[in-house]
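# Notes for the structure review
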Amino acid sequence: MTAFGKFPDRTMGNLAVEATTSALSDAGLAVSDVETVFFANATAGLMTGQEMVRGQIALRETGLLGLPIVNVENACASASTAAHLAWLSVASGQTDIALAVGAEKLSHPDKNRSFTALSAAVDQERLDELRAELYGEDNDPATTGDRSFFMDVYADMAKKYMARSGATTQDFAAVAVKSHRHAALNPRAQYRNEVTVEQVLESRHVSGPLTLLMCSPIGDGAAALVFVSDDVASRLETPKVRLRASVVVSGREGPSAETAAERAAMKAYEIAGLGPEAVDVAEVHDAAAPAELIIYEELGLCGPGDGPKLLASGATTLGGRVPVNTSGGLISKGHPVGATGCAQLVELTEQLRGTVGARQVEGARVAVGENGGGYLGPDPAAVCVTVLSRD
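These numbers were taken from a predicted model, which means no experiment stands behind them. (Residues numbered from 1 in each chain as written. Predicted model: local features only at pLDDT ≥ 70, side-chain atom pairs only at ≥ 80, totals over all residues. Heavy atoms only, no water.)

The next thing to look at is the sheet that holds strand β2 (residues 69–72). Strand order in this open sheet of 4 strands is β2-β1-β3-β6, and the pairing throughout is mixed. In this open sheet, the two edge strands, each paired with only one partner strand, are β2 and β6 (220–228). Neighbour to neighbour, the strand axes of the sheet diverge by 15° on average, direction disregarded. Along the sheet, helix α1 (residues 12–27) contacts β1 (36–40), β3 (97–105) and β6; its crossing angle with β6, the most-contacted strand, is approximately 30°. Each of β1, β2, β3 and β6 is contacted by helix α4 (residues 78–91), which is oriented at about 170° to β3, the strand it contacts most. (Pairing = 2+ DSSP bridges. Helix = DSSP H or I, 4+ residues; strand = E, 2+ residues; numbered from the N terminus. Axes fitted to C-alpha atoms, helices over the stretch in contact; angles between N-to-C directions. Contact = heavy atoms within 4.5 Å.)

Using the criterion set out here, one finds 14 salt bridges in the structure. Where Arg353 meets Asp26, a salt bridge forms, and the shortest distance between an N and an O atom there is 2.9 Å. Taken as a pair, Arg353 in helix α16 (residues 340–353) and Asp26 in helix α1 lie far apart in primary sequence, 327 residues in all. A salt bridge links Arg54 to Glu51; its shortest N-O distance comes to 2.8 Å. Salt bridges here are not isolated pairs; linked through shared partners, they connect Arg126, Glu129 and Glu253. (Salt bridge = Lys/Arg side-chain N within 4 Å of Asp/Glu carboxyl O.)

A word on the packing of aromatic side chains. In this structure the tally under the stated criterion is 1 aromatic pair. Residues Phe149 and Phe150 carry aromatic rings whose centres are separated by 6.1 Å and whose planes lie at 90° to one another, so their mutual orientation is edge-to-face. Exposure class is identical for Phe149 and Phe150. Each is buried. (Phe/Tyr/Trp six-rings, centres within 6.5 Å; stacked < 30°, edge-to-face > 60°. Buried < 20%, exposed > 50% of the residue type's maximum accessible area, 1.4 Å probe, protein only.)

Before going further, it helps to examine the sheet that holds strand β7 (residues 241–250). A sheet is described by the order of its strands in space; here 4 strands give the open sequence β7-β10-β9-β8, paired in mixed fashion. Lying at the two open borders of the sheet, with one neighbouring strand each, are β7 and β8 (281–283). Between one strand and the next, the sheet's axes are offset by a mean angle of 15°, whatever the strand orientation. The pairing of strand β9 (residues 366–373) with strand β10 (residues 382–390) spans 8 bridges and is antiparallel. The residue bridging Gly373 from the neighbouring strand is Ala382, located in β10. Taken strand by strand, helix α12 (residues 260–272) contacts β7, β9 and β10, and its axis lies near 145° from that of β7. Packing against the sheet, α16 makes contact with β7, β8, β9 and β10, and its axis sits at approximately 170° to β9.

Okay, here's the thing in structure tokens:
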């Protein structure tokens, strides 16, 4: 993966080329070995006007043109969905070598353009209804139009979570502190500065209980993964990681017995033949700090309402029982939305290989990634859960 950050002089294609070239080099493969490509991007149509053939344009300098290039858009879950499809193409026997690439150029001098692009990940026909549910009597576009709709969604989610779990703003701040501490060890993270609980709580108010340092930033970046068959893997010298399960689900509107993430996780564990107690390290979609606590519970890392206790125990920090977001997560590593899912799997692959230095989870053998995207209310529109293991 590339470094994540705001890169005004780089294009989506420039970022995608770097990640793709690096992934193939890491695998010990040439461009000519690749049989099919799945390219993920979420916002280029709204950010730059490149609405179609995004992969063909972004990858034209890689030598991959002429191959099947499938463009994938699934909101913030775009890249994990591309990885899912690349895995399926190999697992089904249709190809021996497939490439998944996620890239995003989300930063813009006008931040409202970025917010508008992100807001496209909700049902536009129901937007007035969703805004009314979210803002109630304060639903005045004159005062809410320049805000991040998704941070308001996360603020509402946070308040509901606080009511049922007893979580506090200090708990959310502690998530951000942990994420920044991990990111300080990650040379590709967007923010590499450590922070205190007080600094998080005193940072600029964003929405509800959320402050700026509890929220993922806008940024740019790319990440790529090479999937190969067992036969090809046996001939490669690169340390291999096995994808044990990949599950993509869509969310449901209205109340449901299980959330989308819970449904995806249960199915992924079943396919992988293991349970959450086997997980050694995880990357989760913490677009805002409260989401990490909620996802602990959805992945079965702790019981309902026990997210704050798990965090406070130290289990999810480096050195703990099941470190979460060792990369720094979306809050600190960054969240170029169309690249995030692949970037999570890059981090987990490197963790299982034992190559991440100071942020290494010793002895890690099983990893899980959770990547969500869009909003239906209350579910995300899409969730992908991936289980990896070291052979």
